[in-house]
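Spelled out from the first residue to the last, the chains are:
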Amino acid sequence: MLSRIKKLGPGLLVSAAFIGPGTVTTSTIAGASYGYTLLWALLFATFATMILQEMSARLGTISGRGLGESLLLKLSDSFWKWPMLGLLFIALFVGNAAYEGGNLAGATLGIGAIFGESDDIRLAALITISLIAGYFLLAGSYQLIEKLLIILVGLMALCFLLTFVVVGPSIKELFSGLLVPSIPSSASLLTIIALIGTTVVPYNLFLHASAAKQRWHQEQDLSSARADTYISIGIGGLIAILITSTAAASLYSRGLSVTGAADMAQQLNPLFGSSAQILLGLGLFAAGLSSAITAPLATGFAVSELFGVTPDKQERYKKLISITVLLVGASLSLLSIKPIQLIVMAQFANGLLLPLVAIFLVYAANQTNIMGNHKNGILSNLLAAAVIIIAALLGARSIWAAMGAF
């Protein structure tokens, strides 16, 4: 097991990408607002992520192509090529722009937790963070900073684990929340979809396939790709469950609500006292900046692959698309929307987009000319179908509720 952990690669990148400010914020709100009752949504989301990301890693390892390239190959002579690619492009670009707004808002929220939450500090932090992310996207040297930020997010996870132990949550209620699905109220549906949207991130399906094709190149590498996926995603899911449980034990039990970083930091008070807010601020900053780099990067990979950009032009197009997503996300962050609201809205948008991107992935993973003998089996398709149907039903019910139907 230790040797497997040392070899973790693309899966850990995906895990670090979804443990962004959205996960910290949404998981904290879920625990503070509903106690342990929504833990089942995180457990479902973790297993759903494993199922879909395994397909993505297998696609990149076996075919040597990214998800966008695979879809372009299969649709090359189809009448539906441009309508489908256009729909996917709009979904990816709009969804990732919203997600990027949440990433930048989360990183800004982290700075505000340390230095204060005035408008001037927020604007200065947003500009600084955007410039840092833009620099690494243009320079293409994002690997080093990602390693550093993964360490910081890992340290934050350790802090939540230690606080979880100190707070002493109700084990009975914890397991009940994990194993017994419930929707406490119609208002909780938005939080449920946000929890799923912050874990099963559509752009990660593109990112994982592209990273896997660069890391693994042979059929014999498939077992390593799968182990990397299951271990990394499992770690990420555990972190989200710990955050929710800690918030349930320390905030929900005292009837405290979450409206800002100071409120979120209270869940770390039992162990870290006055340092809790600084610690949470650093964690949000690290998580937000890491995701602010990976989200535009994944969009650049996906769009350049979808539209068959030639290798000699691909790097230029990836940078152009990445910077555009960053600028749109930064513009969204400047709107008069509270950072926490923007983060939750981004996760909500991800939850609604998930079925569309997942259907494209399952379609590609079932093509013999792409996957050969490693195309999806019956079990993989059944599990993927269950994930897509549940995600689609939750999204449809949320839209129906928003229209005032119930």
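Residues numbered from 1 in each chain as written. Predicted model: local features only at pLDDT ≥ 70, side-chain atom pairs only at ≥ 80, totals over all residues. Heavy atoms only, no water.

Here we look at the overall build of the protein
Moving on, step 1. Per the secondary structure count, the protein includes 19 helices and zero strands.
Moving on, step 2. Taken across its 406 residues, the protein has 56% of its residues classed as buried.
Moving on, step 3. Pairs at least 24 apart in sequence give 85% of the contacts found in the protein among residues at least 6 apart.
Moving on, step 4. Surface summary for the protein: the accessible area is close to 16,700 Å², and the carbon and sulfur share equals 68%. (Helix = DSSP H or I, 4+ residues; strand = E, 2+ residues; numbered from the N terminus. Buried < 20%, exposed > 50% of the residue type's maximum accessible area, 1.4 Å probe, protein only. Contact = heavy atoms within 4.5 Å. Areas by Shrake-Rupley, 256 points an atom, 1.4 Å probe, with all protein chains shown as cover.)

Structural notes on the pattern of salt bridges
Moving on, step 1. In the structure shown here, the tally under the stated rule is three salt bridges.
Moving on, step 2. With a closest N to O distance of 2.8 Å, Arg-226 and Glu-54 form a salt bridge. Of this pair, Arg-226 sits in helix α12 (residues 222–250) while Glu-54 sits in helix α4 (residues 39–63), and the two are 172 residues apart along the sequence.
Moving on, step 3. Judged by its relative accessible area of 32%, Arg-226 is partly exposed.
Moving on, step 4. We classify Glu-54 as buried; its relative accessible area is 6%.
Moving on, step 5. Here Lys-213 makes a salt bridge to Glu-69, at a shortest N to O gap of 2.8 Å. Placement of Lys-213 in helix α11 (residues 202–215) and of Glu-69 in helix α5 (residues 67–75) is noted, with a sequence separation of 144 residues between them.
Moving on, step 6. Given the relative accessible area of 24%, Glu-69 is considered partly exposed.
Moving on, step 7. Through salt bridges with shared partners, one network takes in Glu-54, Arg-58 and Arg-226. (Salt bridge = Lys/Arg side-chain N within 4 Å of Asp/Glu carboxyl O.)

Notes on the environment of Val-309
Moving on, step 1. Note on placement: Val-309 falls in the loop between α15 (276–306) and α16 (311–334).
Moving on, step 2. The spatial distance from the C-alpha of Val-309 to the C-alpha of Glu-69 is 9.7 Å, given a sequence separation of 240 residues.
Moving on, step 3. Residues within four places of Val-309 in sequence aside, it is in contact with Ser-304, Gln-314 and Tyr-317.

Examining the packing of α4 against helix α10 (residues 188–199)
Moving on, step 1. Two numbers describe how α4 lies on α10: the axes approach to 9 Å, and their chain directions differ by 30 degrees. Looking at the two axes, α4 sits roughly parallel to α10. As for the relative orientation of α4 and α10, their crossing is right-handed in sense. Residues Trp-40, Ala-41, Leu-42, Phe-44, Ala-45, Thr-46 and Thr-49 of α4 pack against Ile-192, Leu-195, Ile-196 and Thr-199 of α10.
Moving on, step 2. Looking at the contact of α4 with α10, its residues break down into eight nonpolar, three polar and no charged. (Axes fitted to C-alpha atoms, helices over the stretch in contact; angles between N-to-C directions. Parallel < 35°, antiparallel > 145°, perpendicular 65-115°, else oblique. Left-handed = near helix turned anticlockwise from the far one by under 90°. Nonpolar A, V, L, I, M, F, W, Y, C, P; charged D, E, K, R; others polar.)

Description of the nonpolar core
Moving on, step 1. In this structure, Leu-52, Leu-67, Leu-88 and Ile-196 are the most contacted members of the largest nonpolar core, which totals 56 residues.
Moving on, step 2. Broken down by element, the residue count for this core peaks at eleven residues, all from α4.
Moving on, step 3. Beyond its immediate stretch of four places on either side in the chain, Leu-88 contacts Leu-71, Phe-206, Leu-306, Val-357 and Phe-360.
Moving on, step 4. With 38 residues, the next largest nonpolar core counts Val-14, Ile-129, Ile-233 and Leu-284 among its residues. (Core = buried A, V, L, I, M, F, W, Y, C linked by side-chain atoms within 4.5 Å.)

Some remarks on the side chain of Ser-27
Moving on, step 1. In this fold, Ser-27 is placed in helix α3 (residues 21–34).
Moving on, step 2. For Ser-27, a relative accessible area of 0% translates into the label buried.

Examining the packing of aromatic side chains
Moving on, step 1. Under the definition given, this model contains one aromatic pair.
Moving on, step 2. When the ring of Tyr-135 is compared with that of Phe-136, the centres are 5.1 Å apart and the planes differ by 80 degrees; the resulting orientation is edge-to-face.
Moving on, step 3. Accessibility expressed as a relative area gives 54% for Tyr-135, which makes it exposed. (Phe/Tyr/Trp six-rings, centres within 6.5 Å; stacked < 30°, edge-to-face > 60°.)

Re the environment of Ala-97
Moving on, step 1. Along the polypeptide, Ala-97 turns up in helix α6 (residues 81–115).
Moving on, step 2. For Ala-97, the contacting residues outside a window of four places in its chain are Val-325, Val-328, Gly-329 and Leu-332.

A few points about a nonpolar patch on the surface
Moving on, step 1. The grouping of Ile-151, Leu-155, Leu-158, Leu-161, Leu-162 and Val-165 at the surface amounts to a nonpolar patch, some 540 Å² of accessible area in total.
Moving on, step 2. Inspection of the secondary structure assignment puts Leu-162 in helix α8 (residues 143–167).
Moving on, step 3. Since its relative accessible area comes to 41%, Leu-162 is described here as partly exposed. (Patch = residues over 30% accessible without salt bridge, like charges linked within 9 Å, V, L, I, M, F, W, Y side chains within 5 Å.)

Focus: α6
Because an α-helix packs 3.6 residues into every turn, residues spaced three or four apart end up facing the same way.
Moving on, step 1. Compared with the 51 Å implied by 1.5 Å per residue over 35 residues, the 50 Å span of α6 between its first and last C-alpha is a close match.
Moving on, step 2. With 25 of 35 residues buried, α6 lies mostly within the body of the structure.
Moving on, step 3. Of the residues one or two after α6, Gly-116 is the one with positive phi, at around 115 degrees. (Expected span 1.5 Å × (residues − 1).)

With respect to α4
Moving on, step 1. Along its 25 residues, α4 runs 36 Å from first to last C-alpha, staying within 8% of the 36 Å computed at 1.5 Å per residue.
Moving on, step 2. Counting buried positions along α4 gives 22 out of 25 residues, so the element sits mostly inside the fold.
Moving on, step 3. Of the residues trailing α4, Gly-64 is marked for its positive phi of about 70 degrees.

What to know about the environment of Ser-63
Moving on, step 1. Residue position: Ser-63 is located in helix α4.
Moving on, step 2. Note on Ser-63: relative accessible area 15%, which makes it buried.
Moving on, step 3. On a C-alpha basis, the gap between Ser-63 and Ala-209 in space is 9.6 Å, while along the polypeptide they are 146 residues apart.
Moving on, step 4. The residues contacting Ser-63, other than those within four sequence positions of it, are Arg-58, Ser-70 and Ile-370.
Moving on, step 5. A distance of 2.4 Å separates a polar atom in the side chain of Ser-63 from the backbone oxygen of Leu-59.
Moving on, step 6. Among the polar contacts made by the side chain of Ser-63, one reaches the main-chain amide nitrogen of Arg-65 at a distance of 3.1 Å. (Polar contact = N/O pair within 3.5 Å; in protein donor to acceptor, adjacent residues only side chain to side chain.)

Section: the packing of α3 against α10
Moving on, step 1. Contact pair α3 / α10: the axes reach a minimum separation of 9 Å and the direction vectors enclose 150 degrees. Considering the relative orientation of α3 and α10, their crossing is left-handed. Of the residues in α10, those touching α3 at Gly-22, Thr-23, Thr-26, Ser-27, Ala-30 and Tyr-34 are Ser-188, Thr-191, Ala-194, Leu-195 and Thr-198.
Moving on, step 2. In terms of residue class, the contact of α3 with α10 is made up of four nonpolar, seven polar and no charged.

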